[in-house]
Amino acid sequence: MITTTGLSKHFQDHEVLKSINIEVAAQDIVVVLGPSGSGKSTLLRCLNGLEDISGGSFEVNGIVVDATASRRLRQQATRNIRKQSGMVFQQFNLYPHKTALGNVIEGLITVKKLPKDQAVTIGRKLLDRVGLADREEYYPSRLSGGQQQRVAIARSLAMEPAVMLFDEPTSALDPELVGEVLSVMRELAQEGMTMLVVSHEMKFAREVATKIILMADGNIIEEAAPQRFFEDPKEERTRRFLRQINEI
Amino acid sequence: MQLVFDNLPFLLKGAGFTLLLTLVSMFFGLIIGLVVAIARLKGNLPIRWIARFYVSIIRGTPLLVQIVIIYYGLVDYGITLGSLTAAYIALSVNAGAYLSETFRGAILSVPKGQLEAAYSTGMTPWQAMRRIVLPQAMRIAIPPMGNTFIGMLKETSLVSVITVSELLRQAQLLIAQYYQYMPFYLGIGVMYWIMSTGLAFILERFERRLAKAY
């Protein structure tokens, strides 16, 4: 579903991603861990075209973006990729001038050109799916962080993505609100959604992930199934990371 | 004061023109301002440069000079405009420059995450601008826009020099007839004040409606 081949990204002379190769198969739940500044968010942003890549290539659901292709071609490809992948942001990024329902149906109306009543039907169904059927008329400012993030997930799902990208979806949340977002993500995983998740939620990673990737300094350090990753890490860097995490 | 009341219909006709000038030039000013703001933010280098030059020229010269150039100056190049048309053009072009700066600032103040969210659902840059950024920018732009509106209402008095029969011009005609200054000037002062206050009131209501979501 997602493959990156030698993907690299630098800002001026600062190398954020150094030749990254990852593979996310259909229905995989891949969790990317790593200290801050490791490049994990940048990787996700590259995959959704929010950052232009500097080298290598990647493929999402059959659409290829190659750093050697012209800028125009790359932009065209990323726009097509965005239609097939949903993105959930750390800061939710809900549209503040639209209600919960308005946020969910915006893409259906503007991008998919669905008639309003049809979009509303889909939107209500999705709000119900994330447990917010009774909040459709609420503006984001009146919703808690957890509710906002669930609306944001519904907004992404509305576009019927083949894969969902989560960029630290619970990092901006108060601790007591993390659970409601994670449980929505769990349900999505159970329904067979392909997911690439940048997160610090170890319990979620351990229980839900099919594969864990540890990144540090723009490199992939280790890549393994959760059990092996947590019980028997091969790399010293991984062991150090896990020790740091456990001290918290 | 009796003189003012006796000639009220004549003055009200001037006030009507003042309002008309304000509304029409604001309408076109808004369009010009929006186009120029987007040109400055999204255009290629020559377009950005032209837009900057326009804003610089208009903001750097007095409105009175702009008015006389458009009405009297253009005649030298074979362009003869009616006084009302010249007034509309001068005021619109002037308001557009100021409003473009207001819009540019407002558009820039919409958080980057909003664009990213819009893009990630597959919107084109134009769709994201129209559906997501501009509605939020409008709300931010309203208070400074109000300043420009009210400033414009008062600056319409400048077109009296090209004989547009707006409020100040009407008062001057009455003064010439009666040789009485104070009553007429005071009278139109009050009328300007009432119109400004009314305009401010409408803008405030509009602002509150847009703020409903926040």
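What counts, and where the lines are drawn
- Residues numbered from 1 in each chain as written.
- Chains lettered and ligands numbered in written order.
- Predicted model: local features only at pLDDT ≥ 70, side-chain atom pairs only at ≥ 80, totals over all residues.
- Heavy atoms only, no water.
- Pairing = 2+ DSSP bridges.
- Helix = DSSP H or I, 4+ residues; strand = E, 2+ residues; numbered from the N terminus.
- Axes fitted to C-alpha atoms, helices over the stretch in contact; angles between N-to-C directions.
- Contact = heavy atoms within 4.5 Å.
- Expected span 1.5 Å × (residues − 1).
- Buried < 20%, exposed > 50% of the residue type's maximum accessible area, 1.4 Å probe, protein only.
- Parallel < 35°, antiparallel > 145°, perpendicular 65-115°, else oblique.
- Left-handed = near helix turned anticlockwise from the far one by under 90°.
- Phe/Tyr/Trp six-rings, centres within 6.5 Å; stacked < 30°, edge-to-face > 60°.
- Lys NZ or Arg CZ within 6 Å of the ring centre and 35° of its normal.
- UniProt positions renumbered as here; feature names shortened; annotations may be inferred.
- Core = buried A, V, L, I, M, F, W, Y, C linked by side-chain atoms within 4.5 Å.
- Salt bridge = Lys/Arg side-chain N within 4 Å of Asp/Glu carboxyl O.
- Polar contact = N/O pair within 3.5 Å; in protein donor to acceptor, adjacent residues only side chain to side chain.
- Nonpolar A, V, L, I, M, F, W, Y, C, P; charged D, E, K, R; others polar.

**Description of the sheet that holds strand β4 (residues 55-60) of chain A**
Backbone hydrogen bonds hold the strands of a sheet together, and the pairing may be parallel or antiparallel.
All names here are of chain A.
So, point 1. Strand order across the open sheet formed by 4 strands is β2-β1-β4-β5, with antiparallel pairing between neighbours. Among the strands making up the open sheet, the edge pair consists of β2 (14-24) and β5 (63-66). The mean inter-strand angle of the sheet, taken between neighbouring strand axes irrespective of direction, is 20°.
So, point 2. Bridge count for strand β1 (residues 2-11) against β4 is 5 bridges, and the pairing is antiparallel. Directly across from Thr 5, in β4, lies its bridge partner Ser 57.
So, point 3. Docked against the sheet, helix α1 (residues 40-47) engages β1, β2 and β4, running at close to 115° with respect to β1.

**Remarks on helix α5 (residues 145-157) of chain A**
So, point 1. In this model, α5(A) (13 residues) spans 18 Å end to end at C-alpha, consistent with the 18 Å of a helix rising 1.5 Å per residue.
So, point 2. With 13 of 13 residues buried, α5(A) lies mostly within the body of the structure.

**Side note on the environment of A:Tyr138**
All names here are of chain A.
So, point 1. Take Tyr 138: it is sitting in the loop between α4 (116-129) and α5.
So, point 2. Residue classification places Tyr 138 among the partly exposed positions, given a relative accessible area of 26%.
So, point 3. Between the alpha carbons of Tyr 138 and Ala 100 there is a distance of 5.7 Å; along the sequence they are 38 residues apart.
So, point 4. When sequence neighbours within four positions are dropped, the list of residues in contact with Tyr 138 reads Thr 99, Ala 100 and Leu 143.

**Focus: the packing of α4(A) against α5(A)**
Residue and element names in this part refer to chain A.
So, point 1. The geometry of α4 relative to α5 is characterised by a closest axis approach of 9 Å and an angle of 135° between their N-to-C directions. Taken together, the axes of α4 and α5 are oblique relative to one another. Considering the relative orientation of α4 and α5, their crossing is right-handed. Across the interface between the two elements, Leu 126, Leu 127 and Arg 129 from α4 touch Val 151, Ala 154 and Leu 157 from α5.

**Quick look at the packing of aromatic side chains**
So, point 1. All told, the structure shown has 6 aromatic pairs over all chains when counted by the stated rule.
So, point 2. Arranged with centres 5.3 Å apart and planes meeting at 80°, the rings of A:Phe229 and A:Phe230 form a pair that is edge-to-face.
So, point 3. Owing to a relative accessible area of 0%, A:Phe229 belongs among the buried residues under this scheme.
So, point 4. Ring geometry for B:Tyr71 against B:Tyr72: centres 4.8 Å apart, planes inclined by 70°, an arrangement best described as edge-to-face.
So, point 5. In this structure B:Tyr72 comes out as partly exposed when scored by relative accessible area, which is 45%.
So, point 6. Positioned above the aromatic ring of A:Tyr138, the side-chain terminus of A:Arg135 is 4.9 Å from the ring centre.

**Points about the UniProt feature "domain: ABC transporter" (unreviewed entry) in chain A**
So, point 1. If you check UniProt for "domain: ABC transporter" (unreviewed entry), the listed places come out as residues 2-242 of chain A in our numbering.
So, point 2. Helix makes up 40% of residues 2-242 of chain A and strand 26%, whereas the separation of the span's terminal C-alpha atoms amounts to 27 Å.

**Topic: the sheet that holds strand β8 (residues 194-198) of chain A**
All names here are of chain A.
So, point 1. Strand order in the open sheet made by the 6 strands is β6-β7-β8-β3-β9-β10, with mixed pairing throughout. Two strands close off the open sheet at either side, each with one partner strand: β6 (85-88) and β10 (219-224). Strand-to-strand, the axes of this sheet are offset by a mean angle of 15°, without reference to chain direction.
So, point 2. Pairing of β6 with strand β7 (residues 163-167), which is carried by 4 bridges, proceeds in the parallel orientation. Within β7, the residue paired with Val 88 across the bridge is Phe 166.
So, point 3. On the sheet, helix α6 (residues 175-190) packs against β3 (29-33), β7 and β8 and is oriented at approximately 145° with respect to β8.

**A closer look at the nonpolar core**
So, point 1. In terms of nonpolar packing, the biggest core is built from 50 residues, with A:Leu33, A:Leu127, A:Ile153, A:Met164, A:Phe166, A:Met185 and A:Met195 touching the most fellow members.
So, point 2. Ranked by residue count, the leading element in this core is α6(A), at 8 residues.
So, point 3. The residues contacting A:Met195, other than those within four sequence positions of it, are A:Val24, A:Asp28, A:Ile29, A:Val30, A:Met164, A:Phe166, A:Met185, A:Leu188 and A:Ala189.
So, point 4. Listed in part, the 38 residues of the second largest apolar core include A:Ile2, A:Phe58, B:Ala117 and B:Ile132.

**Comments concerning the interface of chain A and chain B**
Accessible area lost on assembly of the parts is the figure often given for the size of an interface.
So, point 1. The interface is formed by 23 residues belonging to chain A together with 21 residues belonging to chain B.
So, point 2. Counting across the interface, chain A meets chain B through 2 salt bridges.
So, point 3. Where chain A touches chain B, the interface holds 7 residue pairs in polar contact (both at pLDDT 80 or more).
So, point 4. If you list the elements that add at least two residues to the side of chain A that touches chain B, you get α2 (71-84), β6 and α3 (100-110) of chain A.
So, point 5. Partitioned by chemical class, the residues of the side of chain A that touches chain B number 9 nonpolar, 6 polar and 8 charged.

**Examining the UniProt feature "transmembrane region" (unreviewed entry) in chain B**
Residues and elements named next belong to chain B.
So, point 1. According to UniProt, the positions carrying the feature "transmembrane region" (unreviewed entry) are residues 20-41, 53-73, 79-99 and 184-203.
So, point 2. Note that residues 20-41 is 100% helix and 0% strand, and that its end C-alpha atoms are spaced 31 Å apart.
So, point 3. Between the C-alpha atoms that bound residues 184-203 the distance is 29 Å, and the span itself is 100% helix and 0% strand.

**Things to note about the pattern of salt bridges**
All names here are of chain A.
So, point 1. According to the stated counting rule, one finds 25 salt bridges over all chains in the structure shown.
So, point 2. A salt bridge links Asp 52 to Arg 71; the shortest N-O distance between them is 3.2 Å. With Asp 52 in the loop between α1 and β4 and Arg 71 in helix α2, this residue pair connects regions lying 19 residues apart in the sequence.
So, point 3. By relative accessible area, Asp 52 is classed as partly exposed at 31%.

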